[in-house]
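As a plain string of letters, each chain reads:
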Amino acid sequence: MKKLLATLAVAASFALATYSANAQTYPERTITVVVPFAAGGPTDTVTRLVAEAMSKDLGQQIVVENVGGAGGTLGAGRVASADPDGYMLLLHHIGMATAATLYRKLAYDTLNAFDYVGLVTEVPMTIVARKDFEPADLKGLVEYAKANADKVTVANAGIGAASHLCGMLFMSAIQTPLVTVPYKGTGPAMTDLLGGQVDIMCDQTTNTTKQILGGTIKAYAVTTPKRLDVLPDVPTTDEGGLPGMQVAIWHGLYAPKGTPAEVTERLSKSLQLALKDPNVVARFAELGTVPSPEPDATPAALKAKLEGEITRWKPIIEAAGQYAD
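Residues numbered from 1 in each chain as written. Predicted model: local features only at pLDDT ≥ 70, side-chain atom pairs only at ≥ 80, totals over all residues. Heavy atoms only, no water.

(A) Representation of the overall build of the protein chain. A count of helical and extended segments in the protein chain gives 12 helices and nine strands. Relative to the globule expectation of 20 Å for 325 residues, the C-alpha radius of gyration of the protein chain, 21 Å, shows essentially globular dimensions. Taken along the three principal axes of its C-alpha coordinates, the protein chain extends 80 × 40 × 30 Å. A separation threshold of at least 6 residues defines the contact pool for the protein chain, and within that pool the share at least 24 residues apart is 78%. Put simply, the protein chain shows about 14200 Å² of open surface, and 56% of that area lies on carbon and sulfur atoms. In the protein chain, 27 positive and 32 negative side-chain charges are present, and the distance between their average locations comes to 4 Å. (Helix = DSSP H or I, 4+ residues; strand = E, 2+ residues; numbered from the N terminus. Rg over C-alpha atoms; globule rule 2.2 N^0.38 Å. Contact = heavy atoms within 4.5 Å. Areas by Shrake-Rupley, 256 points an atom, 1.4 Å probe, with all protein chains shown as cover. Lys, Arg positive; Asp, Glu negative; His and termini not counted. Charge placed at Lys NZ, Arg CZ, Asp CG, Glu CD.)

So, in structure tokens, the structure goes:
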């Protein structure tokens, strides 16, 4: 028995030493970052900008892989079950928190299946409509929606998507359920909004700013305390008569649970550096957002954010009674 224990101890020490050595030389090959949504969407855009900047610092290529479906849970589940070696990561948005309630049966434990790298950005939301929609301002939109609840259609990119969550929050704020129209991604939802097939949508500035500035859709409000520099003429929800309806779609970078601390620390430092990259700062500004400050681009900050957001959204989702399973 003593001989067996001694053998196991030696094996464990060897494995630990090997793991530590690997962590110190990380990364030695291509890293994959999974985006749990379709290519071309807001989260995909954010990820590709950050991945390009991080690859310069890490000295290895970072490949972005889109694994969409089930409100982001398929991609998240894939990373949760990946080897914890730092070569497969997850960049997910607020849906990481809401899935814990939206999906009553998940293949992973949201809080305990991942290690945390850091927050990336918090993207403001906009309440927009087809360009010929009748209401002239947010107050008029609320009045019109309440009077025509069975006719007003609200597009979203599918259950769990940012547009779905913001749409639920809007309906909660005006205390009126509207006709929701889910799509298989942000692209198709925006296409039908542009074409006039649906009335309104609540989505990230990374997806709506270009259309708003181009005049192809009508903007009613931004969900921020102050107006955005990139959209100075669009009032806040507070200004428009919906005080308290403030929401930003935050994004975080995760690794599988059990990833060596040295690796997550290296990734966190690289993320912090990437978020100061001039190209990232400039492109984020064009999209109506800013990179997370260095204190937020840390494992502790992301973990605290996720825990707090699960608590915040749980009663909202339960009150709406909209579950994904």
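(B) View of the nonpolar core. In this structure, F114, F170, L178, I200 and Y254 are the most contacted members of the largest nonpolar core, which totals 54 residues. Counting residues per element, this core draws most heavily on helix 6 (residues 162-174), at eight residues. Ignoring sequence-local partners within four residues, the contact set of F170 consists of I127, L138, L141, L178, I200, L242 and M245. Formed by 30 residues, the second largest nonpolar core is a distinct cluster that contains I31, V64, L89 and F284. (Core = buried A, V, L, I, M, F, W, Y, C linked by side-chain atoms within 4.5 Å. Buried < 20%, exposed > 50% of the residue type's maximum accessible area, 1.4 Å probe, protein only.)

(C) Quick look at the layout of surface pockets. The calculated volume of the largest pocket comes to roughly 670 Å³. If you go around the largest pocket, you meet 42 residues; those closest to its centre are G41, P42, A157, G185 and T186. Among the elements that line the lining of the largest pocket, the one with the most residues is helix 8 (residues 205-214), at eight residues. By residue class, the composition of the lining of the largest pocket is 16 nonpolar, 21 polar and five charged. Of the voids in this model, the second largest pocket is the one considered here, and its volume is about 250 Å³. Surrounding the second largest pocket, 16 residues form its lining, P124, L228, G288, T289 and V290 being those nearest its centre. With four residues, strand 4 (residues 114-130) is the largest single contributor of residues to the lining of the second largest pocket. Across the lining of the second largest pocket, the residue classes tally to eight nonpolar, four polar and four charged. (1 Å grid on protein atoms, 1.4 Å probe; cavity = no way out; pocket = protein on both sides within 12 Å on 5 of 7 lines; lining within 4 Å. Points joined across faces, edges and corners; volume = space filled by probe spheres on them. Nonpolar A, V, L, I, M, F, W, Y, C, P; charged D, E, K, R; others polar.)

(D) Structural detail: helix 7 (residues 186-194). For helix 7, the complete set of buried residues consists of T186, A189, M190 and L193. What you see down the axis of helix 7 is that its buried residues fit within an arc of 95°, all on one side. Its buried side turned inward, helix 7 meets helix 2 (42-58), strand 4, strand 5 (153-156), strand 7 (200-204), helix 8 and strand 8 (217-222). (Arc of directions from axis to C-beta.)

(E) Fine view of unusual backbone geometry. In this model, Y26 is joined to P27 through a cis peptide bond whose omega is -5°. The residue P27 is located in the loop between helix 1 (2-25) and strand 1 (31-35) in this model. Phi is positive for A70, close to 55°, though the residue is something other than glycine. Within the secondary structure layout, A70 lies in the loop between strand 2 (62-66) and helix 3 (73-80). By relative accessible area, which is 35% here, A70 ends up partly exposed. Positive phi outside glycine occurs at Q175, with the angle close to 55°. By secondary structure assignment, the location of Q175 is in the loop between helix 6 and strand 6 (179-182). Given the relative accessible area of 71%, Q175 is considered exposed.

(F) Representation of empty space enclosed by the protein in the model. Going through the model one piece at a time under the given rule, you end up with two cavities of 30 Å³ or more. Looking at the largest cavity, the residues that line it are V33, T47, V50, A51, M54, L91 and L253. The element contributing the most residues to the lining of the largest cavity is helix 2, with four residues. Computed from the structure, the second largest cavity encloses a volume of approximately 30 Å³.

(G) Local environment of helix 6. Given a rise of 1.5 Å per residue, 13 residues ought to cover 18 Å, and the 19 Å separating the end C-alpha atoms of helix 6 matches this to within 8%. Here helix 6 has its buried residues at A162, S163, H164, L165, C166, G167, M168, L169, F170, M171 and I174. Following helix 6 by one or two positions, Q175 adopts a phi angle in the positive range, close to 55°. (Expected span 1.5 Å × (residues − 1).)

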